[in-house]
Amino acid sequence: MGRRRRRMDKEASARAGAGARTLLDAIAALSRSLPAGPNPEIFRRAKFDRPEAAPALWQLLFRLLAPLQVDRATASLGPGAQARWVKAVLCYLGYPRPALAQLPEDGSHGSRELLLTFSWLLAQGPLLEWLLAQTCVQLGDQVPTVECEVLTSPGLAAIQMDAEGPVDLRRLQWLMGKLRFQWQRLICSQQEQCALLSKIHTYTHGCHSDRNLGHLSVTETEMLRDPEGIHQQLRALEQENARLEAALEWRRYEPVFWQWMDTVLGACPPEGPAAPMFRSRIPEHECGKLELATLQEELQTLQEELQALRELLCEEVLSRRQAWEAQVGGLGRGPEWSAARQTLQQNVDQELLALQQSWKQDRSPSLPQGPHRLVKIKAGSAGAKGLPVAEVIRLLRSQEASLEAVLCKLQGQCQQELARLVGTVPGLIWILPPRC
Amino acid sequence: MAVLLQADCARRLMAELRGALDACAERQRQLEQSLRVSRRLLQAWEPVGTTALEPPPGSKTKKDPSPVSTPSPQDLKELELLTQALEKAIRVRKGISKTAERGRTPSLKSGSIALSPGTTASAVPQSSNRVGHCSSRTRPTKGIHQTKVPAKSHPELPLVRNRPPVGIGAQATRLESNHREQMTLSGYPHAAETFTLKEKGILLRLPMAFRKAAFQNSCLWTHLNSTQTNDATNAAKNQFLQKMQMSSSISSSRFSAVDVEMEAQCLQKACALLRLRMQEELSAAPIDWMQEYRCLLTLEGLQAMAGQCLRKVQELCTALTEQLTGPCLMRRPLKTSFPCGGRVCTSWGPQLLLYSSTQELQTLATLRLRVAMLKERIHLEKVLMAELLPMVSTQELQGEPWLALCRATHSLLCEGGERFLTILHEDPAD
């Protein structure tokens, strides 16, 4: 009996040990697959809400949430500002737990709450894959281009901006002119860069060991010129490979981690009625308010437009329905007619459904996301794997056209508004500049 | 006529413009960096084993001050003179370009170097120090001649519109066109010792260790893309999320700001499409009663859809009002920079983009930049509208300053800052 119980105990503890082992493995894999991931021990301590784990988790969250291109600007942000940024972004993303907002920004405690926040982000989408793709070693040449995110860098810099006094309007005009000039300069440099890339690709045709790629990229060619570069790139590539392996390993152990997170959540004391504090604790940024206020204005305009549209449709439908009834009312209403009516109704329904799909589908833009390695192929050669540039160009042209229309419409609105305002002053004649 | 913007208005507008200018300058810096690298590769160099060459002197063409500097009154005056100055620069450059064309000697075509087809990079003869030294002074110029500005497609950029590009290259060409002519001629006898990408680039091979790591890398990415997360994981994940939501005092049906923003974009598109469709229907002339009935049904359907959209907008407005009482972001940045936005990506890791000609690549690059510029312009337009139009309408300013404000506002808002209108004051006595 006793021996049997001992054996059972042994098995149970072995099972528990194996469970703990897989959990440790899971956390270790997770930590290795994150960029500059914290020590696995941090996660364990966070479960017990140990204060020393908090700073590392704030940093991790900040690294995950701060857009990559503002790295330089963010380097100067202190831990307090980083924590505020994290809170604001999570609020923007709809993070459900108000407890986060109440954490002190000096990182003195709250590691369990931060672990929950991190896990929430992790559960939202393919975070690891996305991070890996964002930070992957770029050996290929990209289209020398500017994403709109890069042009409109988020307002981290604005956080630190000092207040200023009144400004001459001409200074604004000067800056606008300068911006236009800079854009033009960018276009010129891009053109040259494209020409140079194309040459390098042609000259190194057939040099790459990967047949799909065919030619070398600038980075690869540069590596052959500068051997130091080879070591650096090789190291980077090996690190990325290790992270990729860790991510694959993580996928195996992932369920164990989520079970563990359930217990972490269970260890949290139930929330008090904290909602009002949530509102008052975070300092309000005026610019941020304005930003959402702009969105609100947009919604307001949209509402008015839709209302006008609906009213117009309402009138048209009413008059047409009456006219149609009067015209057709006398005609026969036999079975033929009702069948035809049904078919028509079905056709129209289908058409309108397609219309509805067309704006719903567009929610995720069809333009390719993420970095793409440029590969030069012979014109008309079939069978190459990849996205043809011509297709992207087509998409961009339609995007360009619709953006131009939007801008034109806005300018038209301004023109009308100004004309109205100026109309209130008698004796002024406006001569518009000639259109070239 | 000086028109002063009040402090808070000025602060916002300046912050927006500075942000845009800084981002532009940063991008320009990066581009010039990669241009330097590419140019250097197209000159003579030694594959593996040479010390890094310094970037050619004078390659910096940055002449203007940093974007955040304050313009003095003199700067403002200079802005007006800028167009004239550019015109002159173009005239000078055009002349030089022609010289440079003539200067391109056929020496580059020499392909008579005997090397067995199997030779690897390391077997390419090491060139002398002298060649390395020379190459640091030679400048690639071919690229410059290929830079074309598709003039007609950029009507909003008046400063250099309908003219060849300025900036990069123009100065360099002037300084070094003579020198290069000598180089190509005197360099010819040494061609057998010189490595250039054009002549021997095809012999380059990446080292074995690197090829291995790159191969492994591409395998791992393929693996990551081909294995999906299993059901057990998804179930565990969802359970965790549900528990978290249940423990929260915030309702799960609440829209977050990012949701509102994405929905709003979607509805804007919907509104435009509905209007377009309505116009099509209204302008159609039905030839028989079937078509007429069909048209009527369509209009009724559109009416119902407009109603749905309207309800959705009202819902979003309510959600946003709640947001406005909460903490906020400085700008609305993240929808594309974080995978939470509901966007599903099916393939991670390096993807390929195929092109077949330089021109195709240039079109693509220009279009992408143009789209980015348009987005920025629309954003700026909205910001300027929100700040400047109320100033005009309150008419706190009177007389001349008000007219100056109107002119400036009209130019900024309706003409993209490129043109000005003229205001005639009609004397009522006449």
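Residues numbered from 1 in each chain as written. Chains lettered and ligands numbered in written order. Predicted model: local features only at pLDDT ≥ 70, side-chain atom pairs only at ≥ 80, totals over all residues. Heavy atoms only, no water.

Trainee: I'd love a proper account of the overall build of chain A, names of residues and values included.
Mentor: In terms of regular secondary structure, chain A is built from 16 helices and 4 strands. By the burial criterion, 49% of the 436 residues in chain A qualify as buried. Partitioning the intrachain contacts of chain A with sequence separation of at least 6 by distance along the chain shows that 72% fall at a separation of at least 24. (Helix = DSSP H or I, 4+ residues; strand = E, 2+ residues; numbered from the N terminus. Buried < 20%, exposed > 50% of the residue type's maximum accessible area, 1.4 Å probe, protein only. Contact = heavy atoms within 4.5 Å.)

Trainee: Go over the overall build of chain B, please, and point to the residues and values.
Mentor: Scanning chain B from terminus to terminus reveals 12 helices and 3 strands. Counting the 430 residues in chain B, one finds 50% classified as buried. Only carbon and sulfur atoms are counted for the fraction: they give 55% of the accessible area of chain B, which is about 20700 Å². (Areas by Shrake-Rupley, 256 points an atom, 1.4 Å probe, with all protein chains shown as cover.)

Trainee: Give me the packing of helix α12 (residues 227-267) of chain A against helix α7 (residues 208-226) of chain B: which residues, what numbers.
Mentor: For any two helices packed against each other, one specifies the crossing angle of their axes together with the interaxial distance. As a packed pair, α12 of chain A and α7 of chain B sit with axes 9 Å apart at the nearest point and diverge in direction by 25 degrees. The orientation of α12 of chain A relative to α7 of chain B falls into the category roughly parallel. Once α12 of chain A is placed against α7 of chain B, the crossing between them reads as left-handed. Only Ala209, Phe210, Ala213, Ala214, Gln216, Asn217, Leu220, Trp221, His223 and Leu224 of chain B of α7 of chain B make contact with α12 of chain A, whose side of the interface consists of Gln233, Leu234, Leu237, Glu240, Asn241, Leu244, Glu245, Ala247, Leu248 and Arg251 of chain A. Across the contact of α12 of chain A with α7 of chain B, the residue classes tally to 12 nonpolar, 5 polar and 3 charged. (Axes fitted to C-alpha atoms, helices over the stretch in contact; angles between N-to-C directions. Parallel < 35°, antiparallel > 145°, perpendicular 65-115°, else oblique. Left-handed = near helix turned anticlockwise from the far one by under 90°. Nonpolar A, V, L, I, M, F, W, Y, C, P; charged D, E, K, R; others polar.)

Trainee: Please provide a residue-by-residue account of the pattern of salt bridges, values included.
Mentor: Residues and elements named next belong to chain A. Counted by the stated rule, this structure contains 34 salt bridges over all chains. A salt bridge links Arg84 to Glu105, with the shortest nitrogen-to-oxygen separation between them at 3.2 Å. Of this pair, Arg84 sits in helix α5 (residues 79-93) while Glu105 sits in the loop between α5 and α6 (111-124); the two residues are 21 residues apart in sequence, bridging distant segments of the chain. For Arg84, a relative accessible area of 32% gives the class partly exposed. In the salt-bridge network here, residues are joined through shared partners; they are Glu41, Arg44, Arg45, Arg50 and Glu52. (Salt bridge = Lys/Arg side-chain N within 4 Å of Asp/Glu carboxyl O.)

Trainee: Break down helix α12 (residues 399-414) of chain B for me, with residues and values.
Mentor: Between the first and last C-alpha of α12 of chain B there are 22 Å, a value that for 16 residues agrees with the 22 Å anticipated at 1.5 Å per step. Buried residues dominate α12 of chain B, accounting for 12 of its 16 residues. Along α12 of chain B, the residues classified as buried are Trp402, Leu403, Ala404, Leu405, Cys406, Ala408, Thr409, His410, Ser411, Leu412, Leu413 and Cys414 of chain B. Where α12 of chain B is buried, its residues contact α10 (169-203), α16 (389-423) and β4 (428-431) of chain A together with α11 (358-394) and β3 (422-425) of chain B. (Expected span 1.5 Å × (residues − 1).)

Trainee: How would you explain helix α2 (residues 40-47) of chain A if you had to name every residue and give the values?
Mentor: Residue and element names in this part refer to chain A. Among all positions in α2, only Ile42, Phe43, Ala46 and Lys47 are buried. The arc enclosing the buried residues of α2, seen along the axis, measures out at 140 degrees, which places them on a common side. Two to three positions downstream of the cap, the backbone nitrogen of Glu41 sits 3.0 Å from a side-chain oxygen, assigning the N-cap of α2 to Asn39. Among the residues trailing α2, Asp49 stands out with phi positive, at a value near 60 degrees. (Arc of directions from axis to C-beta. Polar contact = N/O pair within 3.5 Å; in protein donor to acceptor, adjacent residues only side chain to side chain.)

Trainee: Now, about the packing of helix α7 (residues 127-134) of chain A against α12 of chain A: what can you tell me, with residues and values included?
Mentor: Residues and elements named next belong to chain A. Where α7 meets α12, the axes come as close as 11 Å, and the angle between the chain directions of the two elements is 170 degrees. It follows that α7 is roughly antiparallel to α12 by the angle criterion. Across the interface between the two elements, Leu128, Glu129, Leu131 and Leu132 from α7 touch Arg243, Leu244, Ala247, Trp250 and Arg251 from α12. Looking at the contact of α7 with α12 residue by residue, the classes come out as 6 nonpolar, no polar and 3 charged.

Trainee: An account of the sheet that holds strand β2 (residues 372-376) of chain A is requested, with residue identities and associated values reported.
Mentor: With parallel pairing, 3 strands are arranged side by side in an open sheet as β2(A)-β2(B)-β3(A). The open sheet terminates on both sides in strands that have one partner only, identified here as β2 and β3 (387-388) of chain A. In this sheet, strand β2 (residues 351-355) of chain B lies alongside β2 of chain A in parallel orientation, the contact comprising 5 bridges. Following the sheet pairing, Lys376 of chain A is matched in β2 of chain B by Tyr355 of chain B. Contacts from α10 of chain A reach β2 of chain A together with β2 of chain B within the one sheet, and its direction differs from that of β2 of chain A by about 60 degrees. (Pairing = 2+ DSSP bridges.)

Trainee: Residue-level account of the side chain of Lys376 of chain A, with values.
Mentor: Relative to the elements of secondary structure, Lys376 of chain A occurs in strand β2. Despite its burial, Lys376 of chain A remains without a salt bridge, the nearest opposite charge being carried by Glu360 of chain B at 9.0 Å. There is a polar contact of 2.9 Å between the side chain of Lys376 of chain A and the side chain of Thr202 of chain A. In this structure Lys376 of chain A touches Ser198, His201, Thr202 and His215 of chain A together with Tyr355, Ser356 and Thr358 of chain B, once residues within four positions along its chain are discounted. (Lys, Arg positive; Asp, Glu negative; His and termini not counted.)

Trainee: Help me get a handle on the side chain of Asn241 of chain A, residues and values and all.
Mentor: Counting through the fold element by element, Asn241 of chain A comes out in helix α12. Using a relative accessible area of 3% as the deciding quantity, one classes Asn241 of chain A as buried. Residues in contact with Asn241 of chain A, not counting those within four places in the same chain, are Ala213, Gln216, Asn217 and Leu220 of chain B.

Trainee: For the pairing of β2 of chain A, give the residues involved together with the corresponding values.
Mentor: A regular strand places its side chains on the two faces of the sheet in alternate fashion. Among the 5 residues of β2 of chain A, 5 are classified as buried, and the element is accordingly described as predominantly covered. Burial along β2 of chain A is two-sided: His372, Leu374 and Lys376 of chain A and Arg373 and Val375 of chain A, pointing in opposite directions, are all buried.

Trainee: I'd love a proper account of the nonpolar core, names of residues and values included.
Mentor: By size, the foremost hydrophobic cluster in this structure holds 90 residues, and its most contacted members are Leu169 and Leu172 of chain A together with Leu197 of chain B. It is α11 of chain B that contributes the most residues to this core, 16 residues altogether. Leaving out residues up to four positions away in the same chain, Leu197 of chain B has contacts with Ile200, Tyr203, Thr204 and Thr221 of chain A together with Leu41, Leu42, Trp45 and Leu204 of chain B. Grouped together as the second largest cluster of nonpolar side chains are 68 residues, Ala53, Leu77 and Leu122 of chain A together with Ala236 of chain B included. (Core = buried A, V, L, I, M, F, W, Y, C linked by side-chain atoms within 4.5 Å.)

Trainee: Would you mind going over the confidence of the model for chain A in detail, with residue names and values included?
Mentor: Residue and element names in this part refer to chain A. Summarising the model, chain A shows a mean pLDDT of 80, and 79% of its residues fall at 70 or more. Confidence scores differ between elements of chain A, with helix α13 (residues 275-281) showing the lowest mean pLDDT of 37 and α10 the highest of 93. Under a pLDDT of 50 for its full length, residues 273-288 has, in the predicted model, 24 contacts with residues more than four places off or in other chains. (pLDDT = per-residue confidence, 0-100.)

Trainee: Any details on the state of the cysteines? Residues and values, ideally.
Mentor: Enumeration over the complete set of coordinates arrives at 0 disulfides over all chains. In this structure Cys414 of chain A is not part of a disulfide, and its nearest cysteine sulfur, from Cys414 of chain B, lies 5.3 Å away. (Disulfide = S-S within 2.5 Å.)

Trainee: Before we move on, can you summarise the pairing of β2 of chain B with the specific residues and values?
Mentor: Within β2 of chain B, 4 of the 5 residues are buried, which leaves the element mostly enclosed by the surrounding structure. Taken together, the 2 bridges between β3 of chain A and β2 of chain B define a ladder with parallel strand orientation. Residue Pro388 of chain A lies in a different strand from β2 of chain B, and its bridge partner there is Leu354 of chain B.

Trainee: How would you summarise the environment of Ala10 of chain B if you had to cite specific residues and measurements?
Mentor: Along the chain, Ala10 of chain B turns up in helix α1 (residues 7-42). Each C-alpha atom of the pair Ala10 of chain B and Glu387 of chain B lies 8.9 Å from the other, and the pair is 377 residues apart in sequence. When residues no more than four places from it in sequence are discounted, the contact partners of Ala10 of chain B are Gly165 and Val167 of chain A together with Leu5 of chain B.

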